[in-house]
Amino acid sequence: MSIERFVSEELRTLYDVHEWRNGLAVLSAALPDEWNDIQKVLSSFRLYHSEIATPGGSKSLIANRIDKGFAELGWTAKRFDTKIVVDSFESASPTHEVDMFKNRVALEVEWNNKDPFYDRDLNNFRLLFDLRVIDVGVIITRCTELQGLFVEVGRDKGSFGASTTHMDKLIPRLEGGGGGGCPVVVFGIRRTCYVDDRAINEDKGI
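Residues numbered from 1 in each chain as written. Predicted model: local features only at pLDDT ≥ 70, side-chain atom pairs only at ≥ 80, totals over all residues. Heavy atoms only, no water.

## With respect to the nonpolar core
Grouped together as the largest cluster of nonpolar side chains are 39 residues, with contacts concentrated most on Y15, I38, L47 and I189. Excluding residues that lie within four positions of it along the chain, Y15 makes contacts with L42, F45, F187, G188, I189, R190 and C193. Listed in part, the 19 residues of the second largest apolar core include Y118, F125, C143 and L174. (Core = buried A, V, L, I, M, F, W, Y, C linked by side-chain atoms within 4.5 Å. Buried < 20%, exposed > 50% of the residue type's maximum accessible area, 1.4 Å probe, protein only. Contact = heavy atoms within 4.5 Å.)

Rendered as C-alpha cells:
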C-alpha cells in the first residue's frame, strides 16, 4: 500500500518510512491508539546538535529521549517468558527485551548499535508474531545520510561507522524477509530533524 495514504507529509519530511507486510495498515486500522502515540513522539522529536556531539555510553541521549517519549504515553520495556514444551519436557526459549511495548506493538530504537542488532530485532519480531503476542513490529533508526552531519559536528568517523545501525543496513534485511510474516514499519531519522541548539544553550549559559 502507498505510504502516503497513512503517513502525513510532515512525518515523511522528517523520516524515511518503509514497511513490510502492510505494517502501516495494521497499525492504523487495528491499533489506532498506538499509531497515534508513534506519530506524536516522532512529530515532536528533533535531533539536537548538543546530543550528537556528546558521546553516548551503553545507550545514547538520543535513544533515551525517544524511549522517554513513549514511556510518558504508557509504553514499557518488555521481556517475554517463552518456552518450548514437548510432552512433559520443557525448555526455555527466551527472547530479548523489547525497548518499548504496548498493546501488541513491539518497538525498537536502534540509534548507533552494531548492524547485526537488526537481525536480532527482526528475528524477535518474527518469533513474537508467530507466538501471537504482537501484531506489528516498529524500528526507529537513523538514515545513512546523517553520516555527513556527524562529521560536520566533529564526531569521529568511527563513532557512526558503516557497520553500525543505519537504513542502508536495515532495508536489505527487511526486504529479504528477516521479519518473516510479521508486519514491520521502519522510520529512518532524516537530516531534516536536525536542530543546531548551540546558540540556545549559550543563551542559557550551558
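## Quick look at the packing of helix α3 (residues 32-44) against helix α5 (residues 61-71)
Remark: α3 packs on α5, axes separated minimally by 10 Å, with the N-to-C direction vectors making an angle of 140°. When the axis of α3 is compared with that of α5, the two are oblique. The element α3 and its partner α5 pack so that their crossing is right-handed. From α3, D37, I38 and V41 reach across to α5, where they touch I66, G69 and F70. Residues belonging to the contact of α3 with α5 are distributed by class as follows: 4 nonpolar, 1 polar and 1 charged. (Axes fitted to C-alpha atoms, helices over the stretch in contact; angles between N-to-C directions. Helix = DSSP H or I, 4+ residues; strand = E, 2+ residues; numbered from the N terminus. Parallel < 35°, antiparallel > 145°, perpendicular 65-115°, else oblique. Left-handed = near helix turned anticlockwise from the far one by under 90°. Nonpolar A, V, L, I, M, F, W, Y, C, P; charged D, E, K, R; others polar.)

## A word on the pattern of salt bridges
Tallying each qualifying case throughout the model produces 11 salt bridges. Between E110 and R120 there is a salt bridge, with its nearest N and O atoms 3.4 Å apart. On the criterion of sequence distance, the pair formed by E110 in strand β7 (residues 105-110) and R120 in helix α6 (residues 116-130) is long-range, its members being 10 residues apart. Two residues, R173 and D115, come together in a salt bridge whose shortest N-O distance is 2.7 Å. Residue R173 is located in helix α8 (residues 167-175), and its partner D115 is located in the loop between β7 and α6; the two are separated by 58 residues in the primary sequence. Just as R173 is buried, D115 falls in that class too. If you follow the salt bridges from partner to partner, you end up with E110, R120 and D121 in one network. (Salt bridge = Lys/Arg side-chain N within 4 Å of Asp/Glu carboxyl O.)

## A short note on the side chain of H96
Relative to the helices and strands, H96 resides in the loop between β5 (89-92) and β6 (98-102). Here the side chain of H96 touches E108 through a polar contact of 3.4 Å, side chain to side chain. (Polar contact = N/O pair within 3.5 Å; in protein donor to acceptor, adjacent residues only side chain to side chain.)

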